[in-house]
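Architecture and fold: a report
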Amino acid sequence: QVQLVESGGAVVQAGGSLRLSCAASGTIVSINSMGWYRQAPGKQRELVADIRIDSTTNYADSVKGRFTISRENAKNTVYLQMNSLKPEDTAIYYCNAVLRTSWFRSAGGYWGQGTQVTVSS
């Protein structure tokens, strides 16, 4: 069984910074990618950033230049450094991982429980 555990969500003032962490645990043989999604009230879940096994990254246009995703492979952990936060960044942030639990099974997607980020103006 795989678990993704997020941490780091908080209430912060506009212009501030936060760092989110997500650690994957369980029976994992390889991780193809890890990333962060967010969902604001009344809106669909959207990709914020992801990082692949070859370290290539992808960012939503709205966070480029402000957020940085990084990965610590030895710990199966992904981080999201968020700077210059804006009220519109307020959302529940979810960790996602595409990984394999066995060499005999194809990769599947897994989600964390979410962590709340609130940016006050």
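As shown above, the structure is provided for reference.
Right, let's walk through the structure included here. (Residues numbered from 1 in each chain as written. Predicted model: local features only at pLDDT ≥ 70, side-chain atom pairs only at ≥ 80, totals over all residues. Heavy atoms only, no water.)

1. Topic: the overall build of the protein chain
Under the convention used in this document: Here a strand is any run of E in DSSP of at least two residues, a helix any run of H or I of at least four, and the numbering for each starts at the N terminus. What makes two residues a contact is simply this: any of their non-hydrogen atoms within 4.5 Å. Counting rule for charge: Lys and Arg are taken as positive, Asp and Glu as negative, and neither His nor the chain ends is counted. In plain terms, the charge of a residue is placed at NZ if it is Lys, CZ if Arg, CG if Asp and CD if Glu.
Helix and strand counts for the protein chain stand at 0 helices and 11 strands. Helices (α) and strands (β) of the protein chain occur, in sequence order from the N terminus, as β-β-β-β-β-β-β-β-β-β-β. In terms of overall dimensions, the protein chain has a C-alpha envelope of 50 × 25 × 25 Å along the principal axes. For the protein chain, the share of sequence-separated contacts (at least 6 apart) that also reach a separation of at least 24 residues comes to 56%. Within the protein chain, one finds 12 positive and 8 negative side-chain charges whose respective centroids are separated by 4 Å.

2. A word on the pattern of salt bridges
To keep it simple, the criterion reads: For this document, the term salt bridge refers to a Lys or Arg side-chain nitrogen within 4 Å of an Asp or Glu carboxyl oxygen. Each residue gets one of three labels from its accessible area relative to the maximum for its type: buried under 20%, exposed over 50%, partly exposed in between, using a 1.4 Å probe on protein chains only.
Using the criterion set out here, one finds 5 salt bridges in the structure. A salt bridge links Glu46 to Arg38, with the shortest nitrogen-to-oxygen separation between them at 2.8 Å. Given the relative accessible area of 6%, Arg38 is considered buried. Residue Arg38 pairs with Asp89 through a salt bridge whose shortest N-O separation is 2.9 Å. On the criterion of sequence distance, the pair formed by Arg38 in strand E4 (residues 30-39) and Asp89 in the loop between strand E8 (77-82) and strand E9 (91-100) is long-range, its members being 51 residues apart. Take Asp89: its relative accessible area is 1%, and that puts it in the buried class. One continuous salt-bridge network, built from bridges that share partners, spans Arg38, Glu46, Arg66 and Asp89.

3. With respect to the pairing of strand E11 (residues 115-120)
Operational definition: Think of it this way: DSSP has to see at least two bridges between two strands before they count as a pair.
The two faces of E11 differ: Thr115, Val117 and Val119 on one face are buried, but Gln116, Thr118 and Ser120 on the other face are not. Where strand E2 (residues 11-13) lies against E11, 3 bridges are found, and the strand directions are parallel. Bridging from a neighbouring strand, Val12 pairs with Val119 of E11. Alignment of E9 against E11, held across 3 bridges, turns out to be antiparallel. Across the sheet, residue Ala91 finds its bridge partner in E11, namely Val117.

4. Focus on the state of the cysteines
The cut-off we apply is this: Disulfides are defined in this document as cysteine sulfur pairs within 2.5 Å.
Scanning all chains against the criterion turns up 1 disulfide. With its sulfur 2.0 Å from that of its partner, Cys22 forms a disulfide with Cys95. Disulfide Cys22-Cys95: the torsion about the S-S bond is -80°, which places it as left-handed. Taken together, the residues span a long stretch of sequence, with Cys22 in strand E3 (residues 18-26) and Cys95 in strand E9 at a distance of 73 residues. This pair shows no difference in class: Cys22 is buried, exactly as Cys95 is.

5. Describing a nonpolar patch on the surface
Put simply, the rule reads: Exposure above 30% relative accessible area and the lack of any salt bridge qualify a residue for a patch; like charges then connect within 9 Å, and the nonpolar side chains Val, Leu, Ile, Met, Phe, Trp and Tyr within 5 Å. Working definition of accessibility: Shrake-Rupley area with a 1.4 Å probe, residue cover restricted to the visible protein chains.
Taken together, the side chains of Val29, Trp103 and Phe104 define a hydrophobic patch exposed on the protein surface, amounting to about 410 Å² of accessible area. Locating Trp103 in the fold gives a position in the loop between E9 and strand E10 (108-111). Look at Trp103 and you get exposed, because its relative accessible area is 55%.

Scope: geometric values only; no functional claims are made or implied.
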